[in-house]
Each structure stands twice: as C-alpha cells, then as structure tokens.
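Survey of secondary and tertiary structure
Chain residues, written in single-letter form:
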Amino acid sequence: MYGIFRECWVDLKRYGGLENGSLWMIFWLLLLISSIYLIVKESDVRKKIVFGAMPFVVVAGFLFPVTKKLFVKLAGIESANTYYRILWIIPMYVTIAYAFTKFIASLNSAVKKYVAACVSALIIAVTGSYVYANEYVYKAENIYHLPQNVIDICDRIKTTEDEGTVKAAFTPELVYFVRQYDPNILMPYGRDYVDHKYYTGVLKLMQEEEMKTQELLYYTRADLDRYIIFPTDKKLDEDITNFDVKLVDTIDGYNIYEDTLISENREKERENYVNTRQNMYE
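Procedures and definitions
- Residues numbered from 1 in each chain as written.
- Predicted model: local features only at pLDDT ≥ 70, side-chain atom pairs only at ≥ 80, totals over all residues.
- Heavy atoms only, no water.
- Helix = DSSP H or I, 4+ residues; strand = E, 2+ residues; numbered from the N terminus.
- Rg over C-alpha atoms; globule rule 2.2 N^0.38 Å.
- Contact = heavy atoms within 4.5 Å.
- Areas by Shrake-Rupley, 256 points an atom, 1.4 Å probe, with all protein chains shown as cover.
- Lys, Arg positive; Asp, Glu negative; His and termini not counted.
- Charge placed at Lys NZ, Arg CZ, Asp CG, Glu CD.
- Buried < 20%, exposed > 50% of the residue type's maximum accessible area, 1.4 Å probe, protein only.
- Patch = residues over 30% accessible without salt bridge, like charges linked within 9 Å, V, L, I, M, F, W, Y side chains within 5 Å.
- Salt bridge = Lys/Arg side-chain N within 4 Å of Asp/Glu carboxyl O.
- Axes fitted to C-alpha atoms, helices over the stretch in contact; angles between N-to-C directions.
- Parallel < 35°, antiparallel > 145°, perpendicular 65-115°, else oblique.
- Left-handed = near helix turned anticlockwise from the far one by under 90°.
- Nonpolar A, V, L, I, M, F, W, Y, C, P; charged D, E, K, R; others polar.
- Phe/Tyr/Trp six-rings, centres within 6.5 Å; stacked < 30°, edge-to-face > 60°.

When helices and strands are tallied, the chain shows 13 helices and seven strands. For a compact globule of 282 residues, the expected C-alpha radius of gyration is about 19 Å, and the chain comes in at 24 Å, more than 25% above that figure. Each of the three principal axes of the chain carries a C-alpha extent, and together these read 75 × 45 × 40 Å. Across the chain, the fraction of contacts at a sequence separation of at least 24, relative to all contacts at a separation of at least 6, is 57%. Approximately 16800 Å² of the chain is accessible, and the part contributed by carbon and sulfur atoms is 57%. Measuring between centres, the 32 positive side-chain charges of the chain sit 13 Å from its 37 negative side-chain charges.

This part takes up the environment of G3. With respect to the secondary-structure elements, G3 resides in helix α1 (residues 2-15). Residue classification places G3 among the partly exposed positions, given a relative accessible area of 42%. Between the alpha carbons of G3 and P65 there is a distance of 8.6 Å; along the sequence they are 62 residues apart.

Now for the environment of R277. Tracing the backbone shows R277 in helix α13 (residues 267-281). The residues touching R277, leaving out its near neighbours within four places in the chain, are Q214 and Y218.

Let us look at a nonpolar patch on the surface. Among the surface-exposed residues, L29, L32, I33, I36, I39, V40 and F56 lie close enough to one another that they form a single nonpolar patch of about 600 Å² accessible area. Among the elements that take part in the nonpolar patch, helix α2 (residues 23-41) stands out by supplying six residues, more than any other. Tracing the sequence through the fold places L32 in helix α2.

A word on the packing of helix α5 (residues 92-106) against helix α6 (residues 110-127). Each pair of packed helices can be described by the angle between their axes along with the distance between the axes. At a closest axis distance of 9 Å, the pairing of α5 and α6 adopts a crossing angle of 160 degrees. Compared by their axis directions, α5 and α6 come out roughly antiparallel. In the crossing of α5 with α6, the sense of the turn from one axis to the other is right-handed. Residue-level contacts link F100, F103, I104 and A105 of α5 to K113, A116, A117, S120 and I123 of α6. Here the contact of α5 with α6 is composed, by residue class, of seven nonpolar, one polar and one charged.

Turning our attention to the packing of aromatic side chains. Following the criterion strictly, the structure yields ten aromatic pairs and no others. Taken together, a centroid distance of 6.0 Å and an interplanar angle of 85 degrees make the contact between Y37 and F103 edge-to-face. Here Y37, found in helix α2, pairs with F103, found in helix α5; they are 66 residues apart in sequence, far enough to count as distant. Between F62 and Y83, the ring centres sit 4.6 Å apart and the planes meet at 15 degrees, which makes this aromatic pair stacked. Highlighted residues: F62 in helix α3 (residues 45-63) and Y83 in the loop between α4 (65-75) and α5, separated in sequence by 21 residues. Accessibility assignment for this pair places F62 and Y83 in one class, buried.

Taken together, the side chains of E209, E210, D237 and E238 define an acidic patch exposed on the protein surface. Relative to the assigned elements, E210 resides in strand β3 (residues 210-211).

Our focus in this paragraph is the environment of L146. Position of L146 relative to the elements: it lies in the loop between α6 and α7 (148-157). For L146 and D237, which are 91 residues apart along the polypeptide, the C-alpha to C-alpha distance reads 32 Å. When residues no more than four places from it in sequence are discounted, the contact partners of L146 are Y138, E141, I151, F177, Q180 and Y181.

Examined against the element boundaries, T200 turns out to sit in the loop between α9 (191-196) and α10 (201-206). Residue contacts for T200: discarding those within four places in its chain leaves P188, Y189 and Y193.

This part is about the side chain of S34. Of note, S34 is situated in helix α2. Among the residues examined, S34 registers a relative accessible area of 2% and is labelled buried. With residues near it in sequence (within four places) discarded, S34 still touches T95, I96, A99 and F100.

Set out below in structure tokens:
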C-alpha cells in the first residue's frame, strides 16, 4: 500500500509541475489556501462545496491507495497510467482565481486592492510559464490549429469507420498533435513519455542519431504498429525496406513506412521475429 501511495504522491507532484523544481508546492499551496478561504468566507453553500470542500475530498481520495486499486480494477490495467486524470475534476484555476478575486474585492481601500492585485499577478507569473516560448506554439496553419504535415500524415494512414483503430509509431516531435486530430490512431508512446523522459524502446531509438533498424522493428512489431513515421534524413544502420517494410509515402520531409507483417496479417512471421529477438533487446 505504501508503494501505491508513493506513486500517487509523485503523480500529484508532476501534476503541479514537478519539472519546475519546488514550484509544484506553490501551486498546491495556492489551491489549499484558496479552498480554506472559500470554506470560511463564502456564503453560497454550493460554491463552498464545489470550490472549498471538493478539492480536499478529491486530493485525499487520490492519495488513498485503495482508490487507485479500484480505479485500475474497474477501468482496466492499461488505465493505471491515466489515474492522474482524476485530478482533472478539481476546478483548480477557477478556485484560485475566484478566491483571489473575492479577497481583493473584500479589501476596504483602493491602495490595498491595487497592491493585492499586483501581488496576485506576480504569483501567477512566477508559478506559470511563458506559453509563447514553447517550441510547439506557432502560427495557425489550418482550422484545427495543428501542424499541416501531421494532418496530412494522419489522413494518409487513417482507417475507415469499419476498420476501427490503427497503430503507428511517430517521431517524438509529432506525437503531441496526432490524437488531437484523430483518436483512432494509437501510438506506442505519447507526449507524457517525451515530456517526462519515460523509457520506452521506440522513443529511445527515435531520439538516437542513428537508429538500429532491427531493434526498432522488434519494438514496433511487439506493439503491433502498422506504420512507422520518421524524418527522411533520419539515419538507420540497415535499410528498413529489407525487412518486410515498404515505403508508402513521403509527406513534408517525413517517410511513412508500412510493416507488411502486420498489414497483411502475417502473424506467425511477426511472432517469430519478436520472439527470436526478445532476449537480445529486453
């Protein structure tokens, strides 16, 4: 149980911005102070419950190991990594903003209100980040506000409604946008793996200067990835088309490869390829 609690505690810190050092504590401290203030000062019972009491209940339940065990059991073992999404039901920013606004409005002089507003703005600036400095923020190219090359690649590999989902391994810089456009495209890793540097074989190889072709195919075939997408100038130690993989298209500097062992349902050959290399790469 203690081990599960530690996992939940780490998830709580990550949700508050663990990569920003100790600032994650400021984030949760602001929520704590705001909730307590609203419990004491808010006269509307509904607001007192939603903004004051609910954050405490959700966080306490989130950290309780039995809650995670029930979540995994009811939602399925693959949902264990999405447990942190329970925190989404906390109206964090609304709670903090409402509490600060209510506090400032309660002050009895204009000077105090100006000072409080400036302090609030400073706290927001320190605990936040400049969104336009992010490398993935750019001028919109289409109505989806997503890179056009991602849309074109997804349109090339997407399935029909009758076929359901398709699995594809994308190069790291594209994974941020794929499922925003088409949720029927599944991937061996997502943005959380890139952001938090989680380990997975495909991501490790995609980030290397020269990819090991057969090791890449071991991981993608174990994951049943039908397509593999990476830049045209990406170096490989062996020609990937020599291993039952074909180049189906090139779009805006990215090659789209299709694994015929998966697309043609050559399951026995795929299993043999994975099994004979398992001890080598695991």
